[in-house]
Structure formats: structure tokens, C-alpha cells
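Below, each chain spelled out in residue letters.
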There are 2 protein chains.
Amino acid sequence: MATHHVVIIGGGFAGLFAAQSLRHAPVEVTLIDRRNFHLFQPLLYQVATGGLSPGDIASPLRGILKTQKNCRVLLGEVMDFEPQDQRVILRDETIAYDSLILATGVKHSYFGHDEWEEFAPGLKTIEDATEMRRKILLAFEAAERETDPTQRAAWLTFVITGAGPTGVELAGALGEMAHYTMKNEFRAIDPAEARILLVEGTDRVLPPYPPDLSRKAEANLERLGVTILRNTFVTAVRENGVTIQTGKVTQEIPTHTVLWAAGIQASPLGRRLADRTGATVDRIGRIQVAPDLTLPGHPEIFVIGDLAHCVGPDGQPLPGVAPVAMQQGKYTARQIVQRLRGTPMPPFRYLDLGNMAVIGRAAAVVNLRFIRFGGFAAWLVWLFVHLMHIVEYENRFLVFIQWAWNYFTRNRGARLMTGQDIIQIKKRKL
Amino acid sequence: MATHHVVIIGGGFAGLFAAQSLRHAPVEVTLIDRRNFHLFQPLLYQVATGGLSPGDIASPLRGILKTQKNCRVLLGEVMDFEPQDQRVILRDETIAYDSLILATGVKHSYFGHDEWEEFAPGLKTIEDATEMRRKILLAFEAAERETDPTQRAAWLTFVITGAGPTGVELAGALGEMAHYTMKNEFRAIDPAEARILLVEGTDRVLPPYPPDLSRKAEANLERLGVTILRNTFVTAVRENGVTIQTGKVTQEIPTHTVLWAAGIQASPLGRRLADRTGATVDRIGRIQVAPDLTLPGHPEIFVIGDLAHCVGPDGQPLPGVAPVAMQQGKYTARQIVQRLRGTPMPPFRYLDLGNMAVIGRAAAVVNLRFIRFGGFAAWLVWLFVHLMHIVEYENRFLVFIQWAWNYFTRNRGARLMTGQDIIQIKKRKL
């Protein structure tokens with residue numbers, strides 16, 4: 001009998017943890033990803049704000065898995081599925097599986113306004129982060145060269161949509177940059193005059209957190225010069241401004257820099273697999289999975305990580321955070337092994353250890369099961385937990401060095417404008 | 001009387017050193033660059049081969065110069081000059097100067113075959129380096145997926161044109177990657193089977209060095225699996241191969257990865273300034289300067305760094321290396337100050353401290369004035385000298401950490417394929 005073949009699609013936290021947890025299992029593993037690296041997404045906002053380099057939070061998948069002899073890494077793009085024949089269709093190849101794990105995650109969503117993406121980059125990939133970084137730095141450069149006060153003010157206005165963890169972290173980092181990192185770097189403008197607007201649809205930042213932690217985070221943000229616009233929605237995004245609506249009041253905000261942290265939608269592969277298997281997808285395209293993370297009628301297909309709509313004990317879907325993905329990856333690996341042994345495991349249960357968000361230097365909020373707190377202690381916890389989850393030791397060290405450096409000097413050394421030509425500074429006017 | 005205004009175009013070694021040397025001078029300085037960072041070009045090949053991240057060798061110009069109160073940094077593109085009115089024309093602004101320093105350097109040249117650039121990236125910018133990195137990593141990934149042995153061999157063939165320092169450093173780093181870094185990372189191929197061909201028009205590598213150092217470098221390269229093709233020229237570059245010629249023998253080499261380290265040409269701004277001032281340019285577009293680095297009839301215009309054709313004591317133009325650029329930057333600053341005092345300096349004299357090239361881990365060649373040597377000692381000297389010339393302390397530290405890590409583990413953590421979509425793997429066939 002041939003060795004049981006597990007095909008994993010996606011090398012994020014869910015897929016990578018599944019692969020690694022199969023290290024000693026009597027199976028063959030093929031991990032397929034479109035990219036050649038695992039990305040530590042929780043720190044992507046630090047690349048977008050020049051605190052870290054892309055290489056610091058990305059680790060080559062082949063390097064991570066090179067000693068795992070039963071695992072093969074394949075750089076490739078999955079196009080379709082043939083669940084009846086247990087096969088995955090790549091662009092140029094077909095791969096048979098005994099167990100399939102789909103973990104391709106989510107990307108950002110513009111609530112049906114895809115035309116906004118051009119002016120309001122989201123933050124899911126390395127390219128997103130370097131583009132966001134380019135836009136932020138360009139805005140300060142353009143302001144420095146602008147002589148008209150109205151237009152200068154527009155260049156110095158930054159709108160961040162969505163006050164979830166990503167929006168809060170971006171706003172905090174931008175505040176740090178404007179008030180500390182860039183101090184004295186310009187001659188015509190004072191970067192501290194930047195207006196940083198954090199637009200949130202509910203009545204507080206970090207809505208999934210307890211209200212007192214939201215208040216702590218809001219106080220920290222305001223200290224960094226961030227203006228929080230509560231109960232407010234973005235109703236239009238253009239090249240030179242956004243329209244926001246609070247209740248019935250509509251307002252035009254001239255700006256060239258809109259950072260999108262508002263919505264997500266599932267990877268399109270999820271819907272494709274649902275079509276092929278008759279599984280159900282939710283409003284944002286995530287696949288509804290059974291308690292053991294498989295699809296109805298397909299016990300050999302697992303969907304895990306952000307792409308899975310997995311109902312928690314409270315009847316709500318589990319949040320799209322790294323701990324859920326890691327635990328689901330490990331569970332799936334164990335389930336595959338136990339089934340081969342004829343003793344399947346009970347349903348997946350998420351052990352919620354809490355969550356945390358960082359607001360700036362020495363400020364964070366931590367919400368653990370039995371305790372919650374903010375400030376410096378929270379920041380240290382945040383730091384430690386994040387450092388410990390960076391996959392490569394070398395990157396862990398590099399990130400630590402840069403954080404330490406930033407803590408003492410407020411410097412952000414990776415402030416490069418790369419990629420697109422930067423010449424178009426003045427072509428884009430109000 | 002208004003303060004003497006020095007306009008510097010280009011924030012490389014020459015321009016940056018000129019600006020910094022004017023720190024205490026009674027002048028106003030405007031440093032104009034198209035990019036917002038100073039790039040440590042000598043280490044660009046390490047970004048191209050995944051050893052360092054772009055941020056590690058790039059430092060924001062504003063950050064470097066923020067405490068220099070008499071210096072303003074301008075992100076902008078110079079379009080033209082009006083030397084009769086002492087003005088520089090930017091895309092959207094005109095700036096008057098009392099002294100002008102042009103230091104926009106060189107880029108790579110394809111000897112009139114610009115159509116080769118698409119298939120054979122050079123190495124002068126961060127984008128060049130990340131594109132080269134993408135091509136190198138893609139070749140190994142494509143080989144891993146290729147089943148036809150002929151085509152697999154083509155993916156595993158790397159052609160580097162030109163065995164100057166850049167070509168030698170690239171070839172050495174590629175050899176390290178293939179033999180050490182990537183060991184055990186693939187399942188279908190052995191990366192050590194990669195053919196690395198270093199094509200050189202003369203009869204030895206590093207032609208400006210003494211022959212015994214060339215031999216040392218060649219021995220080191222061959223130990224890393226590099227094949228040196230002497231007296232050989234590339235006569236055609238296509239998507240799926242190159243044509244090389246040795247004497248009268250022509251050979252076709254199937255490959256997808258050609259790295260260009262063969263020729264340079266001056267920044268086009270040089271020719272523009274020469275047209276406006278009647279200065280002479282040499283064969284590759286560098287401006288011929290007087291012994292005090294100014295243009296004939298224009299004592300207020302200095303051309304320095306790689307862009308200057310400055311004749312040395314041996315009648316040959318000075319080489320395009322960082323020490324020349326740094327010394328010329330300092331000289332020019334001092335000359336401007338001394339002229340303001342009415343006591344101009346004698347002509348520029350280059351103090352040649354020697355040169356060095358690195359071949360791989362623990363191997364380099366060093367050619368100092370009174371001593372030359374290779375091996376581990378040379379590598380330590382190379383390491384120290386390069387570390388000490390990185391502008392920011394933070395980057396110095398980050399580079400040191402990564403070199404130390406690489407020394408012990410042979411790992412290269414920044415092996416990311418970014419930018420273009422990587423999906424086209426199989427679309428490009430022989």
C-alpha cells in the first residue's frame with residue numbers, strides 16, 4: 001500500500017503548523033504555496049511603517065522544512081479541485097491526495113468597491129506593505145515640496161479605515177513616525193502636524209476587546225496625535241480624498257493617503273472548493289466546516305485557518321487570528337494520524353489564550369483569559385509573544401535588535417521608497 | 001549678501017560625503033536625489049543572493065542628515081541645467097546655485113544591446129537586486145518542478161557576464177547558495193548540480209588586480225563550483241539562452257538566468273550637463289573634469305564620483321569605486337570653503353589605499369599598497385572595512401549579525417521572491 005499522501009495548500013500559520021506537526025507521521029506531505037516564504041503577518045504593519053524589512057518577517061519555506069524528510073515544498077498555483085478523484089489541479093500539473101488541507105487564508109475586501117483599492121492599499125502581502133510604506137513616505141516628501149497650504153495639509157492627512165488590531169497598530173506607528181522618528185528631518189514642514197484619522201464604524205476602537213481596554217487604547221492613540229472618528233463609515237475613496245459619513249452627516253476629507261484596514265474576504269480558492277464539494281460559504285466567502293474541520297461528505301478534506309468558518313462554543317465563528325490557525329494546523333495533523341490508526345479524535349476545540357494589540361512604543365493592550373491590562377507591561381508581553389512566534393531564530397534576533405534600537409532611538413531604518421517610480425509626486429494634485 | 005548655496009545632485013558616496021563635509025561650512029546645502037535613501041552599493045550583490053535585506057544596506061537620507069541644520073534634502077528629479085544662469089531645472093521647480101556638484105553615478109550598459117536587459121538584469125539599484133534575487137530563486141524552483149532533464153539542466157545553468165568585482169562576488173555567492181545554503185532543501189534536484197559560468201573577456205578574473213590575486217580568486221571560485229570562461233564574450237542574450245564566443249568558436253548555452261556584470265555607462269544627466277557647458281564626455285559618457293574636479297570655464301560646477309572621468313597620476317581615469325567617490329566628495333567640500341576664503345586648494349589627488357573583492361564565506365582578496373593577500377585574513381579585512389563604511393549604526397549591527405549567522409549556518413534568510421507574479425514558471429520553456 002502506498003504511503004498516505006497529505007497535500008497542504010498554503011504555507012501560512014495553519015498550513016505550516018499542519019506540515020510540521022506531521023513530521024514524525026507515517027505520511028508523505030506536499031506543501032504547495034504561490035510564494036516561496038512563510039510570512040509573519042502580525043508584523044506586516046511594521047514593514048508598512050519602515051520599522052522592519054520584509055526579509056525580517058518572511059522565512060523561506062524550504063529552509064524551514066528542509067530537515068523534514070517526509071515533506072516536499074512546491075512553488076505553484078492551485079487552479080481547481082477534483083474531489084471525486086481526490087486530485088488538486090495546478091496550473092501545469094495534477095496532484096493526487098489522500099488527505100487535503102486547504103489553508104489559503106483571506107485577503108482584504110472593499111465591500112464591493114474594488115475600484116478603491118488603487119487609492120487605498122490593504123495589508124496582507126509583502127507587496128502591500130512596501131506599497132503602503134511608499135505611499136506614506138511619499139506623502140511627507142510631497143508635503144515638504146508643496147507650497148500651497150491647502151494642498152500641503154492634504155498631503156499631511158492620513159486616513160486609516162477600520163480600528164481593528166491592524167488599523168490601531170498602523171495608526172499608532174504612523175503617530176510614532178510623525179512625532180518622533182521624523183522629527184527634525186524636514187525643513188519646510190513639521191511632520192508632527194500630520195492629521196491621522198482613524199475611521200471606525202462602531203463606537204470604539206478594537207471592538208472585540210472589553211470596553212476598558214478599548215478606552216486604554218484610545219487614550220494611547222490620542223497621545224500620539226491620532227483622531228478617532230467613531231460611528232463613521234467611508235462612503236467613497238478617490239485619488240485626492242475620501243468621503244466619510246457619521247450618522248447623517250457627510251464630510252469630504254482631502255487626502256492622498258488612505259490605508260485600508262476595514263474588511264476581509266476569503267481566498268477565491270475557498271469558493272472554488274465549495275462549488276466542487278457542495279460545501280457552504282459564509283458572507284465573506286469562508287467555508288463552513290464540521291466540528292472536526294472537514295467538509296460535509298468529505299472527511300478527507302480539511303479547511304483551516306482564516307479560510308475556515310468554524311463555529312466556536314459561543315455560536316460565533318472563531319476569529320481570524322494566528323493562534324486559531326496554529327491550533328487548527330496541529331489538530332488536523334493529529335486527526336490524520338489518529339484516523340490512520342483507527343482512533344479518530346474528538347472535535348476541534350479552540351483554547352483561547354487571549355489576544356493583544358500594540359499601539360506604539362511601550363504601549364499595548366493585552367486581554368488574557370483571567371486578566372487584562374495595558375501600558376508598558378502589556379507591551380512587553382506583546383513583544384515577547386510575537387518574538388517567540390517568529391519562525392527563524394535569525395529573524396527573531398534581527399527583529400529584537402531593531403525593536404531595541406527603535407525603543408531607544410525612535411529610529412525606523414527601513415524607510416525606503418521602492419518599486420514604482422517616485423517621480424509622480426506633483427502630477428497628483430487636489 | 002546671501003549665503004553661498006551649494007546644490008548637490010545625487011546622494012551616493014560622492015554626494016553624501018560632500019554634503020556631510022560641508023556641515024560646519026558657512027554655506028547652505030541642498031541635496032537632491034530621486035530616491036529617499038543612500039544605498040551602500042558594494043553590498044548590493046548580497047541582496048541579490050538573499051544574504052541581506054534591502055533595508056540593511058539603504059539609509060534614509062533625511063535620517064542621516066537630520067542634525068545638519070545647513071542641509072536640506074529634496075526628493076526630486078533633475079531634468080536640465082542652465083549653467084549661464086546657475087540654475088538646475090527640476091521637473092516642477094527651478095533651483096539657483098552658487099556651486100553645483102553633480103554626482104549621479106553610472107548604470108549598467110549592454111554595449112548597445114539594450115534589448116538584453118529584459119533577460120539579463122544588472123545590479124545598480126535595489127530593484128535590480130530584488131529582481132536578480134527573484135530570477136535566481138525562480139530558476140531553482142522551476143528546476144525542482146521540471147521533469148525533462150535537458151530543460152532542468154537549462155534552469156540550473158547560471159551565466160554571469162563579467163569577472164570584475166561584482167561578477168566575482170555574485171558568482172561566489174551563487175556557489176555558496178548552491179553548495180551550502182540550499183543543501184537538502186529540494187527533493188527532486190540537487191542544487192549543487194547547478195552550473196555557474198563566469199564569462200570574462202580577458203584572460204583572468206579581476207583584471208585590474210595583480211595576476212597572483214586573480215589566481216587566488218580563481219582557485220576560490222572553482223572550489224565553489226564556478227566555471228570560469230576566459231577570453232570569452234557574450235554575443236547574444238535571449239529568453240532561453242546565450243551565445244558566447246571564445247576566439248572563433250561560438251557556443252550556445254541554454255539558460256534562463258543571465259546576470260549582467262559586464263559594462264557601465266554614465267548617468268544620462270552627465271551628457272546633458274556636458275551639452276550645456278561644452279564639456280567633453282568619454283566613450284561611456286563620463287564627464288572629463290579638470291584636476292580640481294570642475295568643468296572647463298565653469299569653476300562653480302564640480303563633477304565627482306563614478307560620473308567623473310578624472311585622470312590619475314598614471315594617465316588612466318580613476319576607477320569607479322567608493323573610496324574615490326568619498327575622497328572627491330570631501331575634496332570638493334573643502335575646495336568650496338577654501339575658495340570662499342580666497343585660498344583655493346591644489347588639485348585633487350587620490351590616495352589609493354588599495355582594493356578588495358570577496359569570493360565567498362571566509363575567502364577574499366585584498367590588494368593594499370604594500371601588501372596583498374587572500375584567504376581568511378583578507379576576508380576579515382574585507383568584512384571590517386565594509387562594516388565600517390555602512391552609514392547607520394543600526395544597519396552596521398544588522399549586517400554584522402547576518403554575516404555572523406551566515407558564517408556559522410550558511411543560511412541566507414532574505415531569500416524572498418517578491419514583486420512580479422511568480423506564476424509564470426512554466427510558461428517560459430526552452
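What you see is a predicted model; the values in this text were computed from it and never measured.

Analysis parameters
- Residues numbered from 1 in each chain as written.
- Chains lettered and ligands numbered in written order.
- Predicted model: local features only at pLDDT ≥ 70, side-chain atom pairs only at ≥ 80, totals over all residues.
- Heavy atoms only, no water.
- Core = buried A, V, L, I, M, F, W, Y, C linked by side-chain atoms within 4.5 Å.
- Buried < 20%, exposed > 50% of the residue type's maximum accessible area, 1.4 Å probe, protein only.
- Helix = DSSP H or I, 4+ residues; strand = E, 2+ residues; numbered from the N terminus.
- Contact = heavy atoms within 4.5 Å.
- Buried area = accessible area lost by both parts, 1.4 Å probe.
- Salt bridge = Lys/Arg side-chain N within 4 Å of Asp/Glu carboxyl O.
- 1 Å grid on protein atoms, 1.4 Å probe; cavity = no way out; pocket = protein on both sides within 12 Å on 5 of 7 lines; lining within 4 Å.
- Points joined across faces, edges and corners; volume = space filled by probe spheres on them.
- Nonpolar A, V, L, I, M, F, W, Y, C, P; charged D, E, K, R; others polar.
- pLDDT = per-residue confidence, 0-100.

**Q** Which residues make up the nonpolar core, and what values go with them?
**A** Membership of the largest hydrophobic core comes to 130 residues, with the highest contact counts inside it found for Leu43(A), Phe140(A) and Leu198(A). For this core, the element with the most residues is helix H4 (residues 126-145) of chain A, which contributes 10 residues. Contact partners of Phe140(A), with chain neighbours within four places excluded, come to Leu156(A), Phe158(A), Ala178(A), Met182(A), Phe186(A), Ile189(A), Pro191(A) and Ala194(A). With 128 residues, the next largest nonpolar core counts Val88(B), Leu174(B), Leu269(B) and Val289(B) among its residues.

**Q** So what's going on with the interface of chain B and chain A? Residues and values would help.
**A** Taken together, the contact pairs 58 residues of chain B with 57 residues of chain A. Of the roughly 5,200 Å² buried where chain B meets chain A, counting both sides, 54% is carbon and sulfur surface. For the chain B face of the interface with chain A, the top three residues by lost area are Arg62(B), Arg145(B) and Glu394(B), together amounting to 14%. On inspection of chain B and its partner chain A, the count reaches six salt bridges.

**Q** Can you lay out the layout of surface pockets for me, pointing to particular residues and giving the numbers?
**A** The computed volume of the second largest pocket comes to approximately 500 Å³. Around the second largest pocket sit 19 residues that line it, and Gly63(A), Ile64(A), Val391(A), Glu392(A) and Tyr393(A) are the ones nearest its centre. Of all elements in the fold, only helix H1 (13-21), helix H3 (61-65), helix H10 (375-389) and helix H11 (393-409) of chain A together with helix H11 (393-409) of chain B reach the threshold of two or more residues within the lining of the second largest pocket. Among the elements that line the lining of the second largest pocket, the one with the most residues is H11(A), at three residues. When grouped by side-chain class, the residues that make up the lining of the second largest pocket number seven nonpolar, six polar and six charged.

**Q** Run through the confidence of the model for chain A, naming residues and quoting values.
**A** Caution is warranted with low-pLDDT regions, since their predicted coordinates should not be read in detail. Per-residue pLDDT for chain A averages 92, and the proportion of residues at 70 or more is 97%. In this model, residues 421-430 of chain A is a region of pLDDT below 50 whose contacts with residues beyond four sequence positions or in other chains number 29 contacts.

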